[in-house]
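Secondary and tertiary structure notes
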Amino acid sequence: MNQPRYDVLAIGNAIVDVIADATDKFLEEQGLDKGSMRLIDEEEATRLYGLMNPGRELSGGSAGNTAAGLAALGVKTAFIGQVANDQLGTIYRHDIEAAGVDFLAPPRDDVGATARCLVLVTPDAQRTMNTFLGAANQLPPEAIDPSAIADAAILYLEGYLWDLPGPKAAMEKAIDAARDAGRKVAFTLSDSFCIARHRDDFLRLIDEGKIDILFSNEKEIVELSGEGDIDDAAAKIAPKVPLLIVTRSEKGAIAIEDGHRARVGAEPIRELVDTTGAGDLFASGFLAGMARGLDLEASLRLGAIAAAEVIQHYGARPEEDLKALASHILEA
């Protein structure tokens, strides 16, 4: 097999995050469930934006965040996601390329506005996300070049993108291209609401052997499995995928590979500011460990370090030097 150009190629929603502080009272007044994610239309996005406190505009999107974290760790990374030919689309493309990620999907004029996510952060650092998908939901199968997929050791996909027929077909095409090329496919479940909507499809991908690496958190693995607790859920899903990773917030994370289980605790932090992107950056660290041939525990530790960095500031992309923070693992 030829040496791939990229260690990881990620496909996901290209979204600009607008992050603002909010009170629990504001969430209650707006009928919002703290810590959740909901999809909204452009009218609601405009309305809610007008009520928010002053915000910070930062490029986001789950798989895009993971790609940026991978690049920060020195991993050769590419990203496919749809943006419009507008101001936010220009911001998104600039940010991800400045992070060192190759952006493989050109902007378009026929897809509406670039996606944005209005992120409300309460004093306990919980984030409540209101997402207008716009152009991100218009990623067509034609945007997937099988030769580019074959040129990456790992294809990384986000469950958030599974809603509409076009992006879903694009992801299925990418999965088939990766399988045909003998590459690994990693998939993140993204959110419990995604599983509630697409559980049968996600289980089908798993049962058909199309997923090599499955990322989830505690709530997601329980939702996917239909079991009552994380232990039973992991025991049910782990035999179906070669590698299962479950993040557990302040309790750390576990990985199960061919029956072998590894576990790490969470990294200490100075201050919890914003949990946006914690799972995305955990995936960055873990996949960076895999790209370097590290064992499960070291890869989990890299994930914990990356996640700890991102929750200590606003925004879902790293600000500190991740390679320096993880040098004791990367240089061991």
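Residues numbered from 1 in each chain as written. Predicted model: local features only at pLDDT ≥ 70, side-chain atom pairs only at ≥ 80, totals over all residues. Heavy atoms only, no water.

So, about the pattern of salt bridges. If you walk through the whole model with that rule in mind, you get 21 salt bridges. Across the pair R108 and D110 runs a salt bridge whose closest N-O atoms are separated by 3.0 Å. Two residues, E208 and K210, come together in a salt bridge whose shortest N-O distance is 3.4 Å. Bridged by salt links that share partners, the residues K168, E172, D176, D201, R204, E208 and K210 form one connected network. (Salt bridge = Lys/Arg side-chain N within 4 Å of Asp/Glu carboxyl O.)

The sites that carry the UniProt feature "domain: Carbohydrate kinase PfkB" (unreviewed entry) are, in the present numbering, residues 59-318. Annotated as 40% helix and 20% strand, the span residues 59-318 places its first and last C-alpha atoms 11 Å apart. (UniProt positions renumbered as here; feature names shortened; annotations may be inferred. Helix = DSSP H or I, 4+ residues; strand = E, 2+ residues; numbered from the N terminus.)

Pairing in this open sheet of 9 strands is mixed, and the strands run β6-β5-β1-β9-β10-β11-β12-β13-β14 from one edge to the other. Only two strands of the sheet have a single neighbouring strand rather than two, namely β6 (102-103) and β14 (260-264). Pairing analysis gives 5 bridges linking strand β9 (residues 152-158) to strand β10 (residues 184-188), with the strands arranged parallel. Pairing of E158 across the sheet is with T188, part of β10. (Pairing = 2+ DSSP bridges.)

Attention now moves to the sheet that holds strand β4 (residues 56-60). If you walk across this open sheet you meet the 5 strands as β3-β8-β7-β2-β4, and the pairing is mixed. At either end of the open sheet lies a strand with only one pairing partner, and these are β3 (37-39) and β4. Strand-to-strand twist across the sheet, computed as the mean angle between neighbouring axes with direction ignored, equals 25 degrees. Where β3 meets strand β8 (residues 127-132), 3 bridges bridge the pair, whose relative direction is parallel. The partner of L39 across the bridge, within β8, is T131. On the sheet, helix α4 (residues 87-98) packs against β2 (15-21), β4 and β7 (115-121) and is oriented at approximately 60 degrees with respect to β4. (Axes fitted to C-alpha atoms, helices over the stretch in contact; angles between N-to-C directions. Contact = heavy atoms within 4.5 Å.)

Moving on, we get to the packing of aromatic side chains. For the structure on display, the rule yields 9 aromatic pairs. Here the aromatic rings of F79 and Y92 are separated by 6.1 Å at their centres, their planes lie at 40 degrees, and the arrangement is tilted. Residue F79 is found in strand β5 (residues 77-80), and its partner Y92 is found in helix α4; the two are separated by 13 residues along the sequence. The exposure classification of F79 matches that of Y92, with both residues buried. Judged by centre distance (5.1 Å) and plane angle (65 degrees), the rings of F187 and F202 are edge-to-face. Of this pair, F187 sits in strand β10 while F202 sits in helix α7 (residues 192-207), and the two are 15 residues apart along the sequence. For F187, a relative accessible area of 2% translates into the label buried. (Phe/Tyr/Trp six-rings, centres within 6.5 Å; stacked < 30°, edge-to-face > 60°. Buried < 20%, exposed > 50% of the residue type's maximum accessible area, 1.4 Å probe, protein only.)

Let us now look at the nonpolar core. Counting residues in hydrophobic clusters, the biggest one holds 98 residues, and the most contacted among them are I11, F79, L155, F187, L214, L224 and L244. The residues touching L214, leaving out its near neighbours within four places in the chain, are F187, L189, I206, L224, I237, V241, L243, L244 and I245. Counting residues in hydrophobic clusters, the runner-up holds 14 residues, among them A22, L27, M52 and L120. (Core = buried A, V, L, I, M, F, W, Y, C linked by side-chain atoms within 4.5 Å.)

Our next topic: helix α3 (residues 62-72). Among the 11 residues that make up α3, 10 are buried, leaving the element largely enclosed by the rest of the structure. Turning to α3, its buried residues are S62, A63, G64, N65, T66, A67, A68, G69, L70 and A71. Of the residues one or two after α3, G74 is the one with positive phi, at around 85 degrees.

Looking now at helix α2 (residues 42-51). Taken as a whole, α2 has its buried residues at E44, A45 and L48. Projected down its long axis, α2 carries its buried residues within an arc of 100 degrees, all on one side. Exposed and oriented more than 90 degrees from the buried face of α2 are E43, T46 and G50. In the core, the buried residues of α2 are packed alongside α1 (24-29), β3, β7 and β8. (Arc of directions from axis to C-beta.)

Attention shifts here to the environment of A255. By the secondary structure assignment, A255 is in strand β13 (residues 253-257). Look at A255 and you get buried, because its relative accessible area is 0%. For the pair A255 and T66, spaced 189 residues apart in the sequence, the C-alpha separation amounts to 18 Å. In this structure, A255 is in contact with L243, L244, I245, H260, R261, A262, F286, L296 and L300, ignoring residues within four places of it in sequence.

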